[in-house]
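# Topology and contacts: notes
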Amino acid sequence: MTVRLLLADDHPVVRAGLRAVLDTEPDFTVVAEAATAERAVELAHGVDVVLMDLQFGAGLHGSEATAAITARPGAPRVLVLTTYDTDADILAAVEAGASGYLLKDAPPEELAAAVRTAAAGRSALAPAVAHRLMDRMRTPSEALTKRELEVLQLVGEGLSNQQISKRLFLSQATVKSHLVHVFAKLGVDSRTAAVAAATARRLIRR
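Read on for a plain summary of the structure. This is a predicted model, so every value here is computed, not measured.

## Details of the overall build of the chain
Secondary structure assignment for the chain yields 10 helices and 6 strands. For the chain, the C-alpha radius of gyration of 18 Å lies close to 17 Å, the compact-globule estimate for 206 residues. When its C-alpha atoms are laid out on the principal axes, the chain stretches across 55 × 30 × 30 Å. Out of the 206 residues belonging to the chain, those deemed buried represent 46%. Within the chain, residue pairs in contact and separated by at least 24 positions form 61% of the contacts whose partners lie at least 6 positions apart. For the chain, the exposed area adds up to about 10,100 Å²; of that, 56% sits on carbon and sulfur atoms. Side chains of the chain give 23 positive and 24 negative charges; the mean places of these two sets differ by 5 Å.

Written out as structure tokens, the structure reads:
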């Protein structure tokens, strides 16, 4: 069976490199490319696996496009292919319905195996990603929730509580409550220290 692929990445060089690697596999056919997440959503009909970057600059985020694609009946599988391995990125992609999560430095044979695994309806996770998810499961009381990670990511981007509340459609009291929990879990007492600790532990990216 031929696996029909859509490459979604905003860098032409990356798409060309992926195409060159995937075209060497006799059972793969790259049928379309998308330079934006919005275009990926439009082109996702009639393919088996979408290789989805997470960061596209302005517009939809890769996890948002993943959610839009996987919500459809008979949707293709989405395999996230990114440079980011933070908890915030991984959880957003998994919750959006991604079938796999691979890093861009994966060797060609690992990429090909992940595509086949995703096409077969199974989960394909990079070893480092699987390890991070296992760590979260082992210590759930210490792990930041997806919402706490979202709030902390925005703190790291310099947003105030008021701005965060508008961005995430939360009350300012709820944002403050999330931050109280974040400080306790990370063992810190300030926004700056929380961002520094979370960045060092690859919970969020800067």
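## Focus: the pattern of salt bridges
Two side chains carrying opposite charge are able to pair once their charged atoms lie near each other. All told, the structure shown has 17 salt bridges when counted by the stated rule. In this structure, R205 engages D89 in a salt bridge whose closest nitrogen and oxygen atoms are separated by 2.8 Å. Highlighted residues: R205 in the segment after α10 (191–200) and D89 in helix α4 (residues 87–96), separated in sequence by 116 residues. Take D89: its relative accessible area is 7%, and that puts it in the buried class. Here the salt bridges do not stand alone but share partners, grouping E95, K146, R147 and E150 into one network.

The rules behind each value
- Residues numbered from 1 in each chain as written.
- Predicted model: local features only at pLDDT ≥ 70, side-chain atom pairs only at ≥ 80, totals over all residues.
- Heavy atoms only, no water.
- Helix = DSSP H or I, 4+ residues; strand = E, 2+ residues; numbered from the N terminus.
- Rg over C-alpha atoms; globule rule 2.2 N^0.38 Å.
- Buried < 20%, exposed > 50% of the residue type's maximum accessible area, 1.4 Å probe, protein only.
- Contact = heavy atoms within 4.5 Å.
- Areas by Shrake-Rupley, 256 points an atom, 1.4 Å probe, with all protein chains shown as cover.
- Lys, Arg positive; Asp, Glu negative; His and termini not counted.
- Charge placed at Lys NZ, Arg CZ, Asp CG, Glu CD.
- Salt bridge = Lys/Arg side-chain N within 4 Å of Asp/Glu carboxyl O.

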